[in-house]
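A closer look at the structure
Chain by chain, the residues run as shown.
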Amino acid sequence: MRRLPILIAVIALFSVGVAVVMARSGPLPKDLQEVRAAVARYHDVDNALAAGYVPGSPCEQSPAGAMGIHYIKPALMGPGLDPDNPEVLLYMPGKDGSLKLVGVEYFQADADQDLATSGDRPSLFGRGFDGPMLGHNPQMPIHYDLHVWVVEQNPSGEFAQWNPSIRCP
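To keep things clear, this report deals only with the structure shown in the data block. (Residues numbered from 1 in each chain as written. Predicted model: local features only at pLDDT ≥ 70, side-chain atom pairs only at ≥ 80, totals over all residues. Heavy atoms only, no water.)

**A short note on the environment of L49**
Examined against the element boundaries, L49 turns out to sit in helix α3 (residues 45–50). With a relative accessible area of 39%, L49 lands in the partly exposed category. Distance from L49 to I72, taken between C-alpha atoms, is 9.6 Å for residues 23 residues apart in sequence. Beyond its immediate stretch of four places on either side in the chain, L49 contacts P55 and Y71. (Helix = DSSP H or I, 4+ residues; strand = E, 2+ residues; numbered from the N terminus. Buried < 20%, exposed > 50% of the residue type's maximum accessible area, 1.4 Å probe, protein only. Contact = heavy atoms within 4.5 Å.)

**So, the nonpolar core**
Of all hydrophobic cores here, the largest spans 22 residues; its most connected members are Y42, L89, Y91, V104, Y106, V148 and V150. Elements supplying a minimum of two residues to this core: α2 (30–38), α3, β3 (65–72), β4 (88–93), β5 (99–109) and β9 (143–148). When sequence neighbours within four positions are dropped, the list of residues in contact with V148 reads L32, G103, V104, Y106, F125, E158 and F159. Membership of the second largest hydrophobic core comes to nine residues, among which are I72, V88, L90 and M92. (Core = buried A, V, L, I, M, F, W, Y, C linked by side-chain atoms within 4.5 Å.)

**Points about the pattern of salt bridges**
Following the criterion strictly, the structure yields two salt bridges and no others. Its salt-bridge partner being E34, residue K30 comes within 2.8 Å of it at the nearest N-O pair. Residue K30 and its partner E34 are both found in helix α2; the two are separated by four residues, about one turn of the helix. The class of K30 is exposed, set by a relative accessible area of 60%. Given the relative accessible area of 40%, E34 is considered partly exposed. Of the charged contacts, one joins K100 and E152 as a salt bridge, the two residues approaching to 2.7 Å between their closest N and O atoms. In this pair, K100 is assigned in strand β5 and E152 in the segment after β9, connecting sequence segments 52 residues apart. E152 gets classed as buried once you look at its relative accessible area, which sits at 19%. (Salt bridge = Lys/Arg side-chain N within 4 Å of Asp/Glu carboxyl O.)

**A look at α2**
Looking only at α2, the buried set comprises L32, V35 and A38. Along the long axis of α2, the arc covered by the buried residues comes to 115°, so they all point the same way. In this structure, α2 carries K30 and A37 as exposed residues pointing more than 90 degrees from its buried face. Lining the buried residues of α2 we find β5 and β9. (Arc of directions from axis to C-beta.)

**Concerning the state of the cysteines**
A full pass over the atoms with the stated rule returns one disulfide. Two residues share a disulfide in this structure: C59 and C168, whose sulfurs sit 2.0 Å from each other. Taking the sign of the torsion about the S-S bond as the criterion, the disulfide between C59 and C168, at about -80°, is left-handed. Of this pair, C59 sits in the loop between β1 (54–55) and β2 (60–62) while C168 sits in the segment after β9, placing them 109 residues apart in sequence. (Disulfide = S-S within 2.5 Å.)

Shown next, in the form of structure tokens:
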């Protein structure tokens, strides 16, 4: 009879431990740690601006969570992908107007501009990009993108489009 409370406590701790592991509280995989290190200089948005990134959207939010403000580097919007130089940096605005780097986004235009085909779907980190999808404004082509939450942990996963743990002010 004395063992029953101990057994219940062990089961409860195990259940909590499984939930934590599923939410991924540990360190990022090595390749994503490298991306985090490569973009660390952009914690200061002035460094991003000096490197050629420009604000490209208001703070993006949906019922599924937020992405933040997209800072785009037009010089990188071409063929080819470099994991250490993402096309887009994701920032969350603070109530005081400050900006916090939360993640990155990789972008690749769809070669044939046809939503019905996906033979040119790019991949990074063993993960295929989302898409093809319509552009989010009239100037944006049909494209693929991959959000990577290398700074702010995302309970939906490192590659989820929306992060439910953050909200635009």
